[in-house]
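Descriptive structure summary
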Amino acid sequence: MDPIKNPYAPGAGQRPPELAGRDEQLRSFDVVLERIARSRPERSIILTGLRGVGKTVLLNALRSAAVRAHWGTGKLEARPDQRLRRPLSAALHVATRELGHPQGDDVDHVLGVIKAFAQRDSAPGAKLRDRWNPGIDAPAITGRADSGDIEIDLVELLTDVGGLAADVGKGVAICIDEMQDLHPEDVSALCAACHEIGQSGLPVIVVGAGLPHLPAVLSASKSYSERLFRYSRIDRLDRAAADHALQLPAREEGADFTPEALEAMYAATGGYPYFIQAYGKVAWDVAPRSPITVEDVAVAAPEAESELAVGFFGSRYERATPGEREYLRAMADAATAEADKAEDVQPDDVDSVPTAAVAAVLDRKPQSLSPARDALLKKGLIYSGERGRIAFTVPHFGRYLRSTA
Ligand SMILES: Nc1ncnc2c1ncn2[C@@H]1O[C@H](COP(=O)(O)OP(=O)(O)OP(=O)(O)O)[C@@H](O)[C@H]1O
Ligand SMILES: [Mg+2]
């Protein structure tokens with residue numbers, strides 16, 4: 001069918017033509033916005049899930065909901081090699097402007113505090129001209145949020161920004177993507193600041209998104225984090241939502257899928273949003289006419305798989321060293337072995353494997369594999385949800401590894 005009209009959107013953070021299966025998260029976020037604006041206690045929100053499951057897209061949708069409620073919002077993506085000050089001050093700069101506070105002096109004061117917070121980033125003893133200029137058009141306020149102790153500074157910063165929002169009866173949402181990559185000190189300071197801000201009833205929340213082990217990262221940092229955040233597991237779509245994600249955009253263009261085609265799509269994609277978009281895109285292009293049939297899906301599958309092999313799996317696999325790749329393959333084999341032991345279980349269904357089983361596959365001592373495992377954890381290719389077990393962060397990664405062996 002006409003490729004120009006193809007509605008599907010495979011790609012990191014690409015807004016899907018239809019955000020399927022997330023109504024509950026969207027609805028409860030509206031309640032959170034409303035409650036916070038009325039000074040009711042509410043927890044910050046953390047979205048967790050595997051790669052390609054739709055965390056970034058949902059985070060963006062929640063941010064849009066906050067914007068529609070006239071909140072101030074800002075977003076940052078954490079990176080392992082970057083500290084929090086710069087990206088957070090840029091995000092709060094945007095959020096503060098979005099609030100549209102009528103009192104210019106008050107706004108300038110808060111902007112000055114944000115600037116002071118940002119500029120504290122420079123190495124000790126750095127010359128003034130070496131300081132990073134956050135592009136804030138207000139003089140820095142000295143003596144506020146610039147002590148150099150990130151925890152103290154964050155509390156002061158968020159207190160001032162929250163105060164500004166409270167003045168206009170709105171709130172501020174700080175969206176943090178890839179939150180598991182924050183520096184440990186920044187995680188700890190952010191938790192402490194949220195704790196403090198929550199107690200003073202100021203309308204500031206963090207909306208974070210990250211890999212499935214993010215809750216473990218937070219609770220390792222502060223034991224009270226479970227009370228601070230509401231965790232929402234973003235999962236693959238169920239059958240109805242997956243059909244919706246495919247059918248609605250097609251119907252907008254006057255096209256459709258046969259019921260058998262939808263069933264085949266679900267079998268191939270497992271309901272994972274990235275795979276739905278990737279398969280949808282190819283199926284649309286190969287189908288000669290509407291409705292898209294099960295035969296069209298069969299023709300599309302090899303092309304969709306090869307595109308995923310390059311863009312989704314391969315790009316990640318390439319980041320691993322030869323030793324790490326050996327470890328990844330052993331994980332896939334260990335999952336197969338685990339599946340063989342049980343009845344009616346496919347290797348794809350095995351969520352995690354014991355690290356000891358991986359060592360057994362390679363016939364090595366577990367300790368000797370720690371460097372490879374730690375490097376893979378750091379690269380975000382695997383995660384450990386419970387002690388002694390590991391899993392791929394990328395869905396169907398084991399299947400990919402087995403098929404390229
Ligand atoms: N609810 C949804 N319905 C349909 N498609 C979706 C949905 N959520 C996400 N997608 C699609 O899935 C793909 C991946 O989305 P996104 O980048 O948000 O995932 P992610 O969880 O942030 O992945 P990563 O961990 O790699 O950052 C995109 O192509 C997006 O359009
Ligand atoms: Mg993402």
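As shown above, the structure is provided for reference.
Residues numbered from 1 in each chain as written. Chains lettered and ligands numbered in written order. Predicted model: local features only at pLDDT ≥ 70, side-chain atom pairs only at ≥ 80, totals over all residues. Heavy atoms only, no water.

Section: the environment of aspartate 160
Turning to its location among the elements, aspartate 160 is positioned in helix H5 (residues 150-167). On the basis of relative accessible area, aspartate 160 is assigned to the buried category, the value being 14%. The residues touching aspartate 160, leaving out its near neighbours within four places in the chain, are His109, Val110, Val113 and Arg144. (Helix = DSSP H or I, 4+ residues; strand = E, 2+ residues; numbered from the N terminus. Buried < 20%, exposed > 50% of the residue type's maximum accessible area, 1.4 Å probe, protein only. Contact = heavy atoms within 4.5 Å.)

Digging into unusual backbone geometry
In this model, serine 290 is joined to proline 291 through a cis peptide bond whose omega is -5 degrees. The topology assignment puts proline 291 in the loop between helix H11 (273-286) and helix H12 (294-317). The residue histidine 70 is not glycine, and still its phi comes out positive at about 65 degrees. For histidine 70, the location among the structural elements is in the loop between helix H2 (55-68) and strand E2 (72-77). On the accessibility criterion, histidine 70 (54% relative accessible area) is exposed. Phi is positive for aspartate 363, which is not a glycine, with a value near 55 degrees.

Points about empty space enclosed by the protein
Tallied over the entire structure, the rule returns 1 cavity of 30 Å³ or more. Of the volumes computed, that of the largest cavity is approximately 30 Å³. When grouped by side-chain class, the residues that make up the lining of the largest cavity number 5 nonpolar, 1 polar and 3 charged. (1 Å grid on protein atoms, 1.4 Å probe; cavity = no way out; pocket = protein on both sides within 12 Å on 5 of 7 lines; lining within 4 Å. Points joined across faces, edges and corners; volume = space filled by probe spheres on them. Nonpolar A, V, L, I, M, F, W, Y, C, P; charged D, E, K, R; others polar.)

Here we look at a negative patch on the surface
Among the surface-exposed residues, Asp2, Glu252, Glu253, Asp285, Glu303 and Glu307 lie close enough to one another that they form a single negatively charged patch. Looking at where aspartate 285 falls in the secondary structure, it is placed in helix H11. (Patch = residues over 30% accessible without salt bridge, like charges linked within 9 Å, V, L, I, M, F, W, Y side chains within 5 Å. Areas by Shrake-Rupley, 256 points an atom, 1.4 Å probe, with all protein chains shown as cover. Salt bridge = Lys/Arg side-chain N within 4 Å of Asp/Glu carboxyl O. Lys, Arg positive; Asp, Glu negative; His and termini not counted. Charge placed at Lys NZ, Arg CZ, Asp CG, Glu CD.)

A look at the state of the cysteines
For the structure shown, the criterion picks out 0 disulfides. Cysteine 175 takes part in no disulfide bond, and the closest cysteine sulfur, belonging to cysteine 194, lies 12 Å away. Cysteine 194 supplies the cysteine sulfur nearest to cysteine 191, a cysteine that is in no disulfide, at a spacing of 6.8 Å. (Disulfide = S-S within 2.5 Å.)

Topic: the side chain of threonine 355
Among the structural elements, threonine 355 can be located in helix H14 (residues 355-362). If we ignore the near neighbours within four places in the chain, the residues touching threonine 355 are Tyr327, Arg373, Gly388, Arg389 and Ile390.

Considerations on the site of ligand 1
Around ligand 1 there are 27 residues in total, and Ala9, Gly13, Gln14, Lys55 and Thr56 lie nearest to it. Glycine 13 places a polar main-chain atom, nitrogen or oxygen, 2.5 Å from an oxygen atom of ligand 1. In this structure, glycine 54 approaches ligand 1 through a main-chain N or O atom, which is 2.9 Å from an oxygen atom. Protein contact buries 97% of the 640 Å² of open area that ligand 1 shows by itself. Of the residues that constitute the shell around ligand 1, the class distribution is 13 nonpolar, 7 polar and 7 charged. Domain assignment of the residues forming the shell around ligand 1 places at least three in each of domain 1 (23-233) and domain 2 (243-317). (Near = heavy atom within 4 Å. Polar contact = N/O pair within 3.5 Å; in protein donor to acceptor, adjacent residues only side chain to side chain. Domains from an automatic or database assignment.)

Concerning the packing of aromatic side chains
Taken as a whole and assessed by the stated rule, the structure comprises 12 aromatic pairs. Where phenylalanine 275 meets phenylalanine 313, the ring centres are 6.0 Å apart and the plane angle is 45 degrees; that geometry is what we call tilted. Within this pair, whereas phenylalanine 275 is found in helix H11, its partner phenylalanine 313 is found in helix H12, the two being separated by 38 residues in sequence. Assessed through its relative accessible area of 4%, phenylalanine 313 is described here as buried. Aromatic side chains phenylalanine 392 and phenylalanine 397 sit 5.3 Å apart centroid to centroid with 75 degrees between the ring planes, which places their arrangement in the edge-to-face category. With respect to class, phenylalanine 392 is no different from phenylalanine 397; both count as buried. (Phe/Tyr/Trp six-rings, centres within 6.5 Å; stacked < 30°, edge-to-face > 60°.)

Concerning the packing of H11 against H12
The contact between H11 and H12 brings their axes to 8 Å, and the two run at 135 degrees. When the interaxial angle is binned, H11 and H12 end up oblique. Seen from above, H11 lies across H12 with right-handed handedness. Contacts from Tyr274, Phe275, Ala278, Tyr279, Val282, Ala283 and Val286 in H11 reach Asp296, Val299, Ala300, Ala301, Glu303, Ala304, Glu305, Glu307, Leu308, Phe312 and Phe313 in H12. In terms of residue class, the contact of H11 with H12 is built from 14 nonpolar, no polar and 4 charged. (Axes fitted to C-alpha atoms, helices over the stretch in contact; angles between N-to-C directions. Parallel < 35°, antiparallel > 145°, perpendicular 65-115°, else oblique. Left-handed = near helix turned anticlockwise from the far one by under 90°.)

Quick look at H14
Among all positions in H14, only Thr355, Val358, Ala359 and Leu362 are buried. In an axial view of H14, the angular spread of the buried residues amounts to 100 degrees, which keeps them on one side of the axis. Buried positions along H14 lie against helix H13 (322-341), strand E6 (353-354), helix H15 (370-378) and strand E8 (389-392). Downstream of H14 by one or two residues, aspartate 363 has phi in the positive range, about 55 degrees. (Arc of directions from axis to C-beta.)

What to know about the sheet that holds strand E5 (residues 229-233)
The 5 strands are arranged E2-E3-E4-E1-E5 in an open sheet whose pairing can be described as parallel. The open sheet is flanked by E2 and E5, the only strands paired with a single partner. Here the strands of the sheet are splayed against their neighbours by 15 degrees on average, with no regard to which way each runs. Bridge analysis of strand E1 (residues 44-48) against strand E4 (residues 204-210) gives 4 bridges, and the strand direction is parallel. What sits directly across from isoleucine 46, in E4, is glycine 208. Sheet contacts for H2: E1, E2, strand E3 (172-177) and E4; angle to E2, the most-contacted strand, approximately 160 degrees. (Pairing = 2+ DSSP bridges.)

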